[in-house]
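Geometric and topological summary
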Amino acid sequence: GAVVSQHPSWVICKSGTSVKIECRSLDFQATTMFWYRQFPKQSLMLMATSNEGSKATYEQGVEKDKFLINHASLTLSTLTVTSAHPEDSSFYICSGGTTNEKLFFGSGTQLSVL
Amino acid sequence: RKEVEQDPGPFNVPEGATVAFNCTYSNSASQSFFWYRQDCRKEPKLLMSVYSSGNEDGRFTAQLNRASQYISLLIRDSKLSDSATYLCAVTLYSSASKIIFGSGTRLSIRP
């Protein structure tokens, strides 16, 4: 079946640096990708909806200048955490698909900011 | 009020037991309903979609009550491998749209 490839799987960075997470859709064209964040023992919280060729739509409370989303092609969406701080340490995961029944998730990125 | 609410658990039950999870959603316009399973630090995996008529897949049975805005999942004859976090989820539209997840219910099956 279709796959969403997410990289990196985990990253450790120093406070103040920026981290880019990539999600690639394989075998299908993802006009929309969803980015989620999950803190320990909490649920997946939607951060933003990434739309190919247009600006992302951010959920309330998510800083668009801090979490930069780029969706320049039908197969690639990226999330950049700018000037990361320890409170940004979390599990980030993307999903995309054609229908609700066929939404595919990336494998997630565990970000640890020191 | 959260859009999707679940009992966080944890549920700790012996192997072979039957366990039921409940979930409520606040938006009556919600159209699609799902149960996902998530293992620690892994992506959620679709367990089953939920329909008003109820649906069953092996040991798993899901039910939707639109009037009460309530979703349930029943696991019969639980196995050790069923240990995971179970997330209920809803969407507003039938096409690919954002999924709103519940906070998840942790299930531990003991030998």
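Data block above holds the structure.
Residues numbered from 1 in each chain as written. Chains lettered and ligands numbered in written order. Predicted model: local features only at pLDDT ≥ 70, side-chain atom pairs only at ≥ 80, totals over all residues. Heavy atoms only, no water.

The next point concerns the nonpolar core. Phe21(B), Trp35(B), Ile71(B), Leu73(B), Ile75(B), Tyr86(B) and Leu107(B) are the most contacted members of the largest nonpolar core, which has 24 residues in total. For this core, the secondary structure elements donating two or more residues are strand S3 (19-25), strand S4 (32-38), strand S7 (60-65), strand S8 (70-75), strand S9 (84-91) and strand S11 (105-110) of chain B. Non-local contacts of Leu73(B), meaning those with residues more than four positions away in its chain, are made with Val19(B), Ala20(B), Phe21(B), Trp35(B), Leu47(B), Met48(B), Phe60(B), Thr61(B), Ala62(B) and Tyr86(B). One finds Cys23(A), Ala48(A), Ala56(A) and Phe67(A) within the second-largest nonpolar core, a separate group that totals 23 residues. (Core = buried A, V, L, I, M, F, W, Y, C linked by side-chain atoms within 4.5 Å. Buried < 20%, exposed > 50% of the residue type's maximum accessible area, 1.4 Å probe, protein only. Helix = DSSP H or I, 4+ residues; strand = E, 2+ residues; numbered from the N terminus. Contact = heavy atoms within 4.5 Å.)

The subject of this paragraph is the packing of aromatic side chains. To describe a pair of aromatic rings, one takes the distance between the centres and the angle between the planes. Counting across every chain of the model gives 12 aromatic pairs over all chains. Ring geometry for Tyr36(B) versus Phe101(B): centroids 5.4 Å apart, planes at 65°, classification edge-to-face. Here Tyr36(B), found in strand S4, pairs with Phe101(B), found in strand S10 (residues 100-101); they are 65 residues apart in sequence, far enough to count as distant. Positioned over the ring face of Phe67(A) is Lys66(A), at 6.0 Å from the centre of the ring. (Phe/Tyr/Trp six-rings, centres within 6.5 Å; stacked < 30°, edge-to-face > 60°. Lys NZ or Arg CZ within 6 Å of the ring centre and 35° of its normal.)

Time to look at the pattern of salt bridges. The tally for this structure, following the rule as stated, stands at eight salt bridges over all chains. Measuring nitrogen to oxygen at the nearest pair gives 3.1 Å for the salt bridge that ties Lys98(B) to Glu59(A). Note that Lys98(B) is positioned in the loop between S9 and S10 and Glu59(A) in the loop between strand S6 (57-58) and strand S7 (67-73), a pairing that runs across two chains. The exposure class assigned to Lys98(B) is partly exposed, which follows from its relative accessible area of 32%. (Salt bridge = Lys/Arg side-chain N within 4 Å of Asp/Glu carboxyl O.)

Another point: the side chain of Thr32(A). All names here are of chain A. Mapping threonine 32 onto the fold places it in strand S4 (residues 32-38). Among the residues examined, threonine 32 registers a relative accessible area of 18% and is labelled buried. Residues within four places of threonine 32 in sequence aside, it is in contact with Thr49, Ser50, Asn51, His71, Ser95, Gly96 and Gly97.

Turning our attention to the sheet that holds strand S1 (residues 4-6) of chain B. Residues and elements named next belong to chain B. Taken in spatial order, the five strands of this open sheet run S1-S3-S8-S7-S6, and their pairing is antiparallel. A strand with exactly one partner marks an edge of an open sheet, and here the two such strands are S1 and strand S6 (55-57). With strand direction ignored, the average angle separating the axes of adjacent strands in the sheet is 20°. The pairing of S7 with S8 spans six bridges and is antiparallel. Residue pairing in the sheet places glutamine 63 in a bridge with serine 72 of S8. (Pairing = 2+ DSSP bridges. Axes fitted to C-alpha atoms, helices over the stretch in contact; angles between N-to-C directions.)

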